[in-house]
Structure formats: structure tokens, C-alpha cells
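Examining the three-dimensional arrangement
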Amino acid sequence: MRGEYGERDGDAAGQPAGGGRTGPATEAFITHRNLLFTVAYEMLGSAADAEDVLQETWLRWADVDLDTVRDRRAYLVRITTRQALSRLRTLGRRKESYVGSWLPEPLLTSPDVAEDVELADSVSMAMMLVMETLTPTERAVFVLREVFDLGYDEIAEAIDKSPAAVRQIAHRARAHVAARRPRGAVSAAQTKGALDAFRRAVETGDLQGLLDILAPDVVLLGDGGGIKQAILRPVVGADKVARLLHAGMGRIPAGASLRPAQVNGHPALILRLDGAIDTVVAVRVDDGLVTGLYAVRNPEKLSYMQRETALRR
């Protein structure tokens, strides 16, 4: 039996039989693992499914004759993309029966993710939701081209399309995303400032403070997955959102804490009850105002908030 990411001719710990080193297949996979996870996560919006895709990728990679592989990174990305596309279609059927709004699985990320502005933008909750509106193939092409800067020929091999078709899909996906993405570049300082003002207003019960920091067309989405209580439909408008939050915070126990964290490469808030994570609140900020609030309460989506996840391009 082969262990996770172990060599086919090795023991359960992934060590080649009779030796003290991992084999070239394992070394290549480990070298690119964080990149492959990032590709899968950006395509799926689910860390748990991304991990499953990585396991499937490894099983296929372990059977490859490395002497026939010219570019191991590109080959691994191709396997990962195909597995993620297959899972993305399954995930789409799962979302159809999901209770309430479906939000991407939040990740606790390290400061270096925020420093890579393009990567942070691509994994932000707001952008992940925009990518949810793409078809599976459009999403794969957009991620591989716009985020990872793969060539059209490489993408064509990954999705079994011609380079000309990939160019058309990329153009269509870019236009679709451009029409829905955040209105302009927002610095980390601006996002943090808006989030700090939001947090102060929530903690002090300052209704006017909430109204001042929320954009007139702000949207609040909640994801409880049918396990935890959450709003089932989007709430739109500063007045409605502010009053809902104001009333909701009044029902939270005195021992609760609302603390900042880096989530998906951006400042966010974590609500803890009795020390346990209850809700992760990610935000979208445009022109200094909060235009999107994404509250994830589904406990099945909070396991990756316990430790930092390494994302790479």
C-alpha cells in the first residue's frame, strides 16, 4: 500500500525501499505542491476538494514515466487542472442543493500572500465569487492564464482545446470578470482602515458608524450550510445590513471576541465564541467603503482557519 505522496516502490512513509531518499516523482510533486493546491483551490473555491484533487493528481503522477516528461511543473499543472475540472462539475451539482448562499472556503493565509498583490486579488472572497459565475472551462482558462500566466499552448493541452479556442475563451472570461470584479485597486491599508472602522462600529453598537462605513449598495451574504443559522438570501443596502448586524451583535454573548486576521490574502475578522471560531467575515472594499460582507459560519468550511495555508504562483 502506498502512503500519501509516497513512491510506488517505497514504504508507507513515502521512502523508496532500501533507501533514505524520496524518489524524483515525490520530489517534483512536493516542490510544486503549494502551486498545485492554489490552482485547484482557485478553480474550486473549496480547500477540502482541492486536497482531494491533489491526492488524485499524485496517484496519476506516480504512474507517469518521468523520462517522457519535458516540463514536470507544466505536466503536474495539467493533471491538476483536469482533475479539478472534473470535480468542479460535481461540485456544481452539490451547490444546487446547498442550503442558503454558498461561499468559498476561507483560508488563513500568511503575510507573503498579501504581498503578492495579483495572487491576493485572485483568491479574495470577492474575486472567488466572481469566478463562480464563469463556466468550468472559462474558470480554468482564466485561472491558468490570468493568475499563473501559462501560455495558450500549455492551457490548450490542459483542457483539451485548440490554442485558438483557448484564446477565445480567455477573452470571453476576461470580459466577464472585468464587468464584475471590484471597481478599482484597493490598497491593503485602505481595506484595513475600512475593516477597523467596521469592527469598531460593530463592537460598540454604533449604528451610525455602520451606516457611515457601508456603501449604499453593500451586499451581505451568509453561509451556514444548513448547519448553523445564517441568512438564506443576500441582504442588500446599507440600512438593511446595518440594522441586521446591529441587532445580531446584541444577541452575541459577552465573552465573544471579534479579531482581525489575514483571510485569503486580505484583512478579515474572526468571531470566536468560548475560544472557538464561530464566523469568518471577509470584506470587499471599494472607494473606502465596505461593498461586500461574506460571513462563513458553516463549521465544515472553517477547518483551514486553524493554521496558515501556503499559496503560491
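Definitions and limits used
- Residues numbered from 1 in each chain as written.
- Predicted model: local features only at pLDDT ≥ 70, side-chain atom pairs only at ≥ 80, totals over all residues.
- Heavy atoms only, no water.
- Helix = DSSP H or I, 4+ residues; strand = E, 2+ residues; numbered from the N terminus.
- Rg over C-alpha atoms; globule rule 2.2 N^0.38 Å.
- Buried < 20%, exposed > 50% of the residue type's maximum accessible area, 1.4 Å probe, protein only.
- Areas by Shrake-Rupley, 256 points an atom, 1.4 Å probe, with all protein chains shown as cover.
- Lys, Arg positive; Asp, Glu negative; His and termini not counted.
- Charge placed at Lys NZ, Arg CZ, Asp CG, Glu CD.
- Salt bridge = Lys/Arg side-chain N within 4 Å of Asp/Glu carboxyl O.
- Axes fitted to C-alpha atoms, helices over the stretch in contact; angles between N-to-C directions.
- Left-handed = near helix turned anticlockwise from the far one by under 90°.
- Contact = heavy atoms within 4.5 Å.
- Nonpolar A, V, L, I, M, F, W, Y, C, P; charged D, E, K, R; others polar.
- UniProt positions renumbered as here; feature names shortened; annotations may be inferred.

Digging into the overall build of the chain
Along its length, the chain carries twelve helices and six strands. For the chain, the C-alpha radius of gyration of 21 Å lies close to 20 Å, the compact-globule estimate for 313 residues. For the chain, the C-alpha atoms occupy an extent of roughly 65 × 45 × 35 Å along the three principal directions. In the chain, buried positions account for 51% of the 313 residues. Split by element, the accessible area of the chain, about 14700 Å² in all, is 50% carbon and sulfur. Side chains of the chain give 40 positive and 42 negative charges; the mean places of these two sets differ by 4 Å.

Observations regarding the pattern of salt bridges
For the structure shown, the criterion picks out 22 salt bridges. Residue E157 pairs with R78 through a salt bridge whose shortest N-O separation is 2.8 Å. Taken together, the positions of E157 in helix α8 (residues 152–159) and R78 in helix α3 (residues 72–96) put the pair 79 residues apart, joining distant regions of the chain. Overall, R78 belongs to the buried group, its relative accessible area being 17%. R243 is the salt-bridge partner of D239, the closest N and O atoms lying 3.0 Å from each other. With D239 and R243 both in helix α12 (residues 238–249), this residue pair falls four residues apart, about one helical turn. When its relative accessible area of 40% is taken as the criterion, D239 is described as partly exposed. Here R243 falls in the partly exposed class, since its relative accessible area comes to 45%. Connected via shared salt-bridge partners are D49, D52, E56, R87 and R94.

Some thoughts on the packing of α3 against helix α7 (residues 136–147)
Across the interface, α3 lies against α7 with an axial gap of 10 Å and an inter-helix angle of 150 degrees. Here the hand of the crossing between α3 and α7 comes out right-handed. Together, V77, T81, L85, L88 and R89 of α3 and P136, T137, R139, A140 and L144 of α7 make up the contact between the two elements. The residue inventory of the contact of α3 with α7, partitioned by class, reads six nonpolar, two polar and two charged.

Quick notes on the UniProt feature "domain: RNA polymerase sigma-70 region" (unreviewed entry) in the chain
With numbering matched to this structure, UniProt assigns "domain: RNA polymerase sigma-70 region" (unreviewed entry) to residues 31–93. Taken as a whole, residues 31–93 contains 81% helix and 0% strand, while its terminal C-alpha atoms sit 33 Å from one another.

Focus on unusual backbone geometry
Although it is not a glycine, D149 sits at a positive phi angle of roughly 55 degrees. Secondary-structure assignment places D149 in the loop between α7 and α8. The class for D149 is exposed, based on a relative accessible area of 60%. Phi at N264 takes a positive value of approximately 50 degrees, unusual for a residue other than glycine. Mapped onto the secondary structure, N264 falls in the loop between β3 (257–263) and β4 (266–273).

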